[in-house]
Amino acid sequence: MIPRTLHRPWRHGPLQRRTDVAQSWLALVSGLLIAVAAPVAGVVAGSSVDTAVREQRAGWHSATAVVTKAPPTAINIGSGSGAVAPVHAVVRWTAPDGTVRTGEATVPPTTQAGDRTTVWLDRHGAVIRDPGTPGDTLVEGVAIGTVTASGTGLAVFGAYKAGVGLLNRRRYAQWEREWAELDAPSRRDHP
């Protein structure tokens, strides 16, 4: 049970204007949209990225390639972590149609000219330079979902603030009219 002293703005009271009721409903609807629609939008966006990448990867296949030119020296990413940035090298492979092709692909940092490596090819037999990993896809999906959810929440909040601004303008105009009506008899009484 709600205590009588608790302010319930969507209930009518003697000092309550229609703009007050409208603002209360606007706040309630906006809060629900932020709590429900924003996370749903984020999940849908993240899932869309995951689905698109899965569909794209469905057409990929691996092939063995030979490194034709030694890659540049690898650069350490973090100090002391031992992590090394991926390197790109020119590789040669035989496409499914029997043609020999060359292109640039991501290879392990210790690869030398003449080494064999696995490359990923698309449906047309072209090498995919940076195929990424399922973990990369997960991170990308989470990032896009988070940005989408945040953007949706901010858009709803912005719409709420714009609505409150319009309601305030309406309130102020109504107050001005009422004050003018109250002030008019006193001007007539005093010459």
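This structure is a prediction, so every number in the text was calculated from the model and none was measured. (Residues numbered from 1 in each chain as written. Predicted model: local features only at pLDDT ≥ 70, side-chain atom pairs only at ≥ 80, totals over all residues. Heavy atoms only, no water.)

Trainee: Can you help me understand the pattern of salt bridges in this one?
Mentor: Oppositely charged side chains are able to pair whenever their charged atoms sit close together. All told, the structure shown has two salt bridges when counted by the stated rule. Arg171 is the partner of Asp20 in a salt bridge, and the nearest nitrogen-oxygen pair spans 3.1 Å. Taken together, the positions of Asp20 in helix α1 (residues 18–58) and Arg171 in helix α2 (residues 134–189) put the pair 151 residues apart, joining distant regions of the chain. Taking the relative accessible area as the measure of exposure, Asp20 reaches 23% and is therefore partly exposed. Judged by its relative accessible area of 6%, Arg171 falls in the buried class. Among the ionic pairs, Asp50 bridges to Arg54, the shortest N-O distance being 2.8 Å. Taken as a pair, Asp50 and Arg54 lie in helix α1 at a separation of four residues, close to a single helical turn. (Salt bridge = Lys/Arg side-chain N within 4 Å of Asp/Glu carboxyl O. Helix = DSSP H or I, 4+ residues; strand = E, 2+ residues; numbered from the N terminus. Buried < 20%, exposed > 50% of the residue type's maximum accessible area, 1.4 Å probe, protein only.)

Trainee: How should I be thinking about a nonpolar patch on the surface in this particular structure?
Mentor: Together, Tyr172, Trp175, Trp179 and Leu182 make up a nonpolar patch on the protein surface, roughly 510 Å² of accessible area in all. Assignment of secondary structure puts Trp179 in helix α2. (Patch = residues over 30% accessible without salt bridge, like charges linked within 9 Å, V, L, I, M, F, W, Y side chains within 5 Å. Areas by Shrake-Rupley, 256 points an atom, 1.4 Å probe, with all protein chains shown as cover.)

Trainee: Mind showing me how you'd approach the environment of Pro96 here?
Mentor: Within the fold, Pro96 resides in the loop between β2 (87–94) and β3 (100–107). Taking relative accessible area as the criterion, Pro96 reaches 64% and is therefore assigned exposed. Spatially, the C-alpha atom of Pro96 lies 9.9 Å from that of Arg123, the residues being 27 residues apart in sequence.

Trainee: Could you clarify how one ought to interpret the nonpolar core in this entry?
Mentor: Most often, soluble globular proteins have nonpolar side chains that are buried together. Listed in full, the twelve residues of the largest apolar core are Ala63, Ala65, Val67, Val87, Ala89, Val91, Trp93, Ala105, Val107, Val119, Leu121 and Val127. With four residues, the top contributor of residues to this core is β2. Excluding residues within four positions of it along the chain, Val67 makes contact with Ala89, Val90, Val91, Val107, Thr111, Gln112, Ala113, Gly114, Asp115 and Thr117. (Core = buried A, V, L, I, M, F, W, Y, C linked by side-chain atoms within 4.5 Å. Contact = heavy atoms within 4.5 Å.)

Coordinates in, geometry out; function isn't part of it.
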